[in-house]
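Each chain is listed here by its residues.
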Amino acid sequence: MNTSNHNQHISIVQIASGDLWAGAEVQLFTLCKALSERSNVTVKAIILNPGELASRLEGLGIDVVVFEESKDSFLSLLKKSNKTIQNWRPDVIHTHRQKENIIGGVVGWKNDIPSIRTIHGATEHNIGWAKPHKKLIRLIDDLGAKKLQKKLVTVSNELEKQLRTYYPVEKLTTIENGIDTQLLAKFQIAQSTCDKSFKVGLVGRLVLVKRVDRFIEIAKQVNKEWNNSKNIEFLVYGDGPLKGELQNRIYEEKLDSLITLKGHTNNIHQAISELDVLLITSDHEGLPMTLLEAMYIGVPVISSKVGGIPKALENCGILVEKHNITTFVASISELASSPEKVNTLIEKSRKKITQNYASTLNAQQYIKLYKEAASEQ
């Protein structure tokens, strides 16, 4: 493929699970939207589960083939994906999670089509041979990364450094996430305002790595220190396997008037815009879409110093070393009492997002990578 012409047309097939609507799915949708707006790019998708991702992609006018992972064996998904790829004959296949990586790698190899993957975050836990099925899938996935796929894209420089131990350095590259600033502009807050209650939020899947338990401890400490001097609410947006356990803890500790698990919402941007502060308490992250969205909408962020967050949030928010709860508590109080600082952080955040984390920039980098992968095949 001749890449000397910047307007050279290129066709991409995205392969994703689509069983969730979380950070990786939001980033994929945002990328597909930006790609579909380019006249020299055709983007199509194979989604392994019906759901919000598939529906939203179809809403963009993108060709989408949806399988049902719960009804098809892995071999069946592989055969169906292969047939679809043979019909579409894309220039590049782009995959996003473990099973899709394996499918995309094998199908790409079989049809002489380069495939790349995006690694959206660090592995959440080690899998031993006590779970042989999952261990085997992990090993096959790693083998595919090393032998079948052209490029491995990480969403932060920090994640790329971590993965250099496991994967060939020449295959790794970083493309940071981007957000749809045009879409988010309507949710922007003009400036910090005083309301009847001060709202502190967390947005994410209710899984161990997000450390909602740490968020609960922070809420307890803030409530104790403020001693009813001001109304405060702690809101958690998201769903997941720990919901019942977390809800039980909130009831048992009589915190239900302080902390609310709001569950999944289809209008998360509106929910973020109603917060006074967003907390990210995770043990590790890639580069959360929620972080970038809050920064552009105009909500100050206090975050653990993990993944790609320090680079994005430097001089634009508050970073917490070693997940220190005392620092989280002090930082919330500082922002609650200093609207001038809040407005300064908002102004700096929006400028940084516009210059570095817009979806148009993200799409440009991916198009360049796609063309390089296709020309090397």
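Structure's up top.
Throughout what follows, the structure given in this document is the object of discussion.

Cut-offs and rules
- Every chain is numbered on its own, with residues counted from 1 as its sequence reads.
- Note on the predicted model: pLDDT of at least 70 is required for a residue's local features to be given, and 80 or more for side-chain atom pairs to be given and counted; whole-chain, interface and lining totals, by contrast, use all residues.
- Think of the side-chain values as coming from all heavy atoms in the structure, minus any hydrogens and water.
- Numbering of helices and strands runs from the N terminus, with a helix taken as a DSSP run of H or I at least four residues long and a strand as a DSSP run of E at least two residues long.
- Each radius of gyration reported is based on C-alpha atoms, and the globular scaling rule is 2.2 Å times the count of residues to the power 0.38.
- Exposed residues in this analysis have more than 50% of their type's maximum accessible area, buried residues have under 20%, and partly exposed residues fall in between, with area computed by a 1.4 Å probe over protein chains only.
- We get accessible surface area from the Shrake-Rupley algorithm with a probe of 1.4 Å; when it comes to residues, only the shown protein chains can shield them.
- Only four residue types enter the tally: Lys and Arg on the positive side, Asp and Glu on the negative side; His and the chain ends are excluded.
- For the purpose of locating charges, the reference atoms are NZ of Lys, CZ of Arg, CG of Asp and CD of Glu.
- The pairing criterion is simple: DSSP has to find at least two bridges between the two strands.
- Only the stretch in contact is used when a helix axis is fitted, and all axes are lines through C-alpha atoms; the angle between N-to-C directions ranges over 0 to 180 degrees.
- By definition, residues are in contact when any of their heavy atoms lie within 4.5 Å.
- In what follows, salt bridge is the name for a side-chain nitrogen of Lys or Arg lying within 4 Å of a carboxyl oxygen of Asp or Glu.
- Directions drawn from the helix axis to the C-beta atoms are what define this arc.
- Method remark: on a 1 Å grid restricted to protein atoms, a set of points is classed as a cavity if a 1.4 Å probe fits but cannot get out and as a pocket if it is open with protein on both sides within 12 Å along at least five of seven lines; lining residues have an atom within 4 Å of a point.
- Grid points are joined across faces, edges and corners, and a volume is the space filled by probe spheres set on the points.
- Side-chain classes follow a simple rule in which Ala, Val, Leu, Ile, Met, Phe, Trp, Tyr, Cys and Pro form the nonpolar group, Asp, Glu, Lys and Arg form the charged group, and the remainder, Gly included, forms the polar group.

Right, let's get into the overall build of the chain. A tally of helices and strands in the chain yields 15 helices and 13 strands. Radius of gyration (C-alpha) of the chain: 21 Å, near the 21 Å computed for a compact globule of 377 residues. Dimensions along the principal axes, computed over C-alpha positions, put the chain at roughly 65 × 50 × 40 Å. With 377 residues in all, the chain has 53% of them scored as buried. Accessible surface computed for the chain: about 17,700 Å², of which carbon and sulfur atoms make up 47%. Each charge sign in the chain was given a centre, from 48 positive and 42 negative side chains, and these centres are 4 Å apart.

Our next topic: the sheet that holds strand β2 (residues 41-47). Pairing within the open sheet is parallel, and its seven strands lie in the order β3-β2-β1-β4-β5-β6-β7. The strands lining the two open edges of the sheet, one partner per strand, are β3 (63-66) and β7 (172-174). Averaged over all adjacent pairs, the angle separating strand axes in this sheet is 25°, with direction ignored. As defined by bridge partners, β2 adjoins β3 across four bridges and the pair is classed as parallel. Paired with Ile47 across the two strands is Val66, which belongs to β3. Relative to the sheet, helix α4 (residues 98-110) contacts β1 (10-16), β4 (92-95) and β5 (115-119), its axis offset from that of β4 by approximately 165°.

Our next topic: the side chain of Lys352. By the element assignment, Lys352 lies in helix α14 (residues 339-356). An unpaired buried charge is present at Lys352: no salt bridge exists, and Glu314, the closest side chain of opposite charge, is 5.1 Å distant. Setting aside anything within four residues of it in sequence, one finds Lys352 in contact with Met295, Lys311, Ala312, Leu313, Glu314, Cys316 and Tyr357.

With that settled, consider helix α2 (residues 52-59). Looking at α2, one finds that the buried residues are Leu53, Ala54 and Leu57. Each buried residue of α2 lies within a common arc of 100° when the element is viewed along its axis, so the set occupies one face. Of the surrounding secondary structure, the elements contacted by the buried residues of α2 are β1, α1 (23-36), β2 and β3. Looking one or two places after α2, you find Gly61, whose phi comes out positive at around 85°.

A separate point is the environment of Tyr166. Position of Tyr166 relative to the elements: it lies in the loop between α6 (157-163) and β7. C-alpha of Tyr166 to C-alpha of Asn315: the two residues are 149 residues apart in sequence and 32 Å apart in space.

Once that is clear, we can look at empty space enclosed by the protein. Counting across every chain of the model gives two cavities of 30 Å³ or more. The space that makes up the largest cavity amounts to roughly 50 Å³. In terms of lining residues, the largest cavity is bounded by Ala16, Ser17, Ala24, Glu25, Leu28, Leu53, His96, Arg97 and Glu100. The biggest single contributor to the lining of the largest cavity is α1, with three residues. In terms of residue class, the lining of the largest cavity is built from four nonpolar, two polar and three charged. Considered as a void within the structure, the second largest cavity measures approximately 30 Å³ in volume.

This is a description of form; function is not addressed.
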